[in-house]
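These are the residues of each chain, in order.
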Amino acid sequence: MILLIVLCVLPTSALVLTLTHKEKEADNGGIEPLIYYSDEEPDISDYPFYAALINCGAAIISDHWVLTAAHCVYNMHHATVWVGGETYSNSKQVMVDQTIVHPTFDPKELLDDVALIKLKQPLNLSDKVQPVLLPYSKKLKAVDGQEYYFIGRGNSETYTADEHLQKSKMEIYSVLQCYKHYHPELYLRDRTLIERNEKVFCTLRDGNLPGVCNGDSGSPLVQGNVLIGLGSYMIAEIDACNYPDSYLVNVEYYVPWIKNVTGLGG
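Keep in mind the model is a prediction, meaning the values are calculated, not measured. (Residues numbered from 1 in each chain as written. Predicted model: local features only at pLDDT ≥ 70, side-chain atom pairs only at ≥ 80, totals over all residues. Heavy atoms only, no water.)

Caption draft 1: View of the overall build of the protein chain. Looking only at helices and strands, one finds five helices and 13 strands in the protein chain. Counting over 266 residues, the protein chain shows a buried share of 55%. Taking as baseline every contact in the protein chain between residues at least 6 positions apart, the subset at least 24 positions apart corresponds to 72%. (Helix = DSSP H or I, 4+ residues; strand = E, 2+ residues; numbered from the N terminus. Buried < 20%, exposed > 50% of the residue type's maximum accessible area, 1.4 Å probe, protein only. Contact = heavy atoms within 4.5 Å.)

Caption draft 2: Summary view of empty space enclosed by the protein. Tallying each qualifying case throughout the model produces one cavity of 30 Å³ or more. Of the pockets and cavities examined, the largest cavity occupies roughly 40 Å³. Lining the largest cavity, in full, are Leu-110, Leu-111, Asp-112, Asp-113, Lys-199, Val-200, Ser-232, Leu-248, Val-249 and Tyr-254. Counted by class, the lining of the largest cavity contains six nonpolar, one polar and three charged residues. (1 Å grid on protein atoms, 1.4 Å probe; cavity = no way out; pocket = protein on both sides within 12 Å on 5 of 7 lines; lining within 4 Å. Points joined across faces, edges and corners; volume = space filled by probe spheres on them. Nonpolar A, V, L, I, M, F, W, Y, C, P; charged D, E, K, R; others polar.)

Caption draft 3: Region of the structure containing the sheet that holds strand β7 (residues 115-119). Read around the closed barrel, six strands run β2-β3-β4-β7-β6-β5, paired in antiparallel fashion. Sheet twist, expressed as the average angle between the axes of neighbouring strands with direction ignored, equals 40 degrees. Pairing of strand β2 (residues 50-52) with strand β5 (residues 80-83), which is carried by two bridges, proceeds in the antiparallel orientation. Along β5, the bridge assignment pairs Ala-51 with Val-83. Strands β4 (65-68), β6 (92-101) and β7 of the sheet are contacted by helix α5 (residues 251-262), whose axis makes an angle of about 35 degrees with β7. (Pairing = 2+ DSSP bridges. Axes fitted to C-alpha atoms, helices over the stretch in contact; angles between N-to-C directions.)

Caption draft 4: Molecular detail of the nonpolar core. By size, the foremost hydrophobic cluster in this structure holds 34 residues, and its most contacted members are Val-66, Val-81, Val-83, Ile-117, Tyr-179 and Tyr-247. Broken down by secondary-structure element, the contributors of at least two residues to this core are β3 (57-60), α1 (70-73), β5, β6, β7, α2 (175-182), β10 (200-204) and β12 (226-236). No other element matches the four residues that α2 contributes to this core. Residues in contact with Val-83, not counting those within four places in the same chain, are Tyr-50, Ala-51, Ile-60, Ser-91, Lys-92, Val-94, Leu-123 and Val-129. (Core = buried A, V, L, I, M, F, W, Y, C linked by side-chain atoms within 4.5 Å.)

Caption draft 5: The arrangement of α5 in detail. Those residues of α5 that fall on the buried side of the exposure criterion are Val-251, Glu-252, Tyr-254, Val-255, Trp-257, Ile-258 and Thr-262. After α5 finishes, the residue Gly-263 shows a positive phi value of roughly 80 degrees.

Caption draft 6: Just the state of the cysteines, in detail. Considering all chains together, one arrives at two disulfides under this definition. Across the disulfide from Cys-178 sits Cys-202; the S-S distance is 2.0 Å. Residues Cys-178 and Cys-202 share a disulfide whose torsion about the S-S bond is about -80 degrees; that sign makes it left-handed. Residue Cys-178 is found in helix α2, and its partner Cys-202 is found in strand β10; the two are separated by 24 residues along the sequence. Classification of Cys-178 by relative accessible area gives buried; the value is 2%. (Disulfide = S-S within 2.5 Å.)

Caption draft 7: Representation of the pairing of β7 in the model. Counting buried positions over the five residues of β7 gives four, a clear majority of the element. Direction of pairing for β4 relative to β7: antiparallel, over a ladder of four bridges. When the sheet's bridge partners are listed, Leu-67 is paired in β7 with Leu-116. Note that β6 and β7 share five bridges and pair antiparallel. Residue pairing in the sheet places Val-96 in a bridge with Leu-119 of β7.

Caption draft 8: A look at the side chain of Arg-196. Along the chain, Arg-196 turns up in helix α4 (residues 193-199). On the accessibility criterion, Arg-196 (0% relative accessible area) is buried. Of note is the side chain of Arg-196, whose polar atom sits 3.0 Å from the backbone oxygen of Glu-109. (Polar contact = N/O pair within 3.5 Å; in protein donor to acceptor, adjacent residues only side chain to side chain.)

Caption draft 9: Highlighting the environment of Lys-108. Mapped onto the secondary structure, Lys-108 falls in the loop between β6 and β7. The exposed category is assigned to Lys-108, whose relative accessible area is 70%. C-alpha of Lys-108 to C-alpha of His-71: the two residues are 37 residues apart in sequence and 9.9 Å apart in space.

Caption draft 10: Structural context of the confidence of the model for the protein chain. Summing up the model confidence of the protein chain, the mean pLDDT is 78 and the portion of residues at 70 or higher is 71%. Across the protein chain, element-level confidence peaks in β4 with a mean pLDDT of 98 and bottoms out in strand β1 (residues 3-6) with 53. Low pLDDT, under 50, characterises residues 9-37; the stretch is placed with 74 contacts to residues that sit more than four places away or in other chains. (pLDDT = per-residue confidence, 0-100.)

Structure below.
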């Protein structure tokens, strides 16, 4: 059975879709890491747009607004967003005023998986707290085969969320390409495939290494200082986190909705 598995780490009582982790023995007899991030732990000033919820990541898009995945906040109350730090402990807590889920979010199919969070007070912008650019231009959007960086604090080789901010170099491909190669049964049967191919894209790691994992929902994928995607879901048979492909919200598709709700960009 194939399941779409959200990337956020939910409280046990709220779990709807679950993933059974299967430890994979490495050649040296140890446990192969669940997710391969860069050896470098970036400074928040390199990615000052990163924000965190209790169970997900997010991206700062203005001094009043944060963007994340809809399933991170759907039917849940988030009182706080953390900004300005590599860890929860060195981040500043900011109170949430309002959460707005995309009106056509489909929690079963994980389509339109995007939400806005309005903050009660404007952020004090600094070298550690800055908004990311939205891909307003058609030139600033996902392009097959180019390199991008994913920023998050998802599960690591210990199967627990990383305490420190991590980054990973990714390449982007269409859903059609990844489904056909990795999940041919979905390529043939998914009734939402054409719509999904517009609203979502696939990311892959170099060398077919595992990509993003639980805890990475809503976390940003960027090219320079431009927001390209948000962590959304994996496809599970047994151990989704050890698959090389993961699926992100195509932010460029949602810029008109974001602008309409927030008033950003005119």
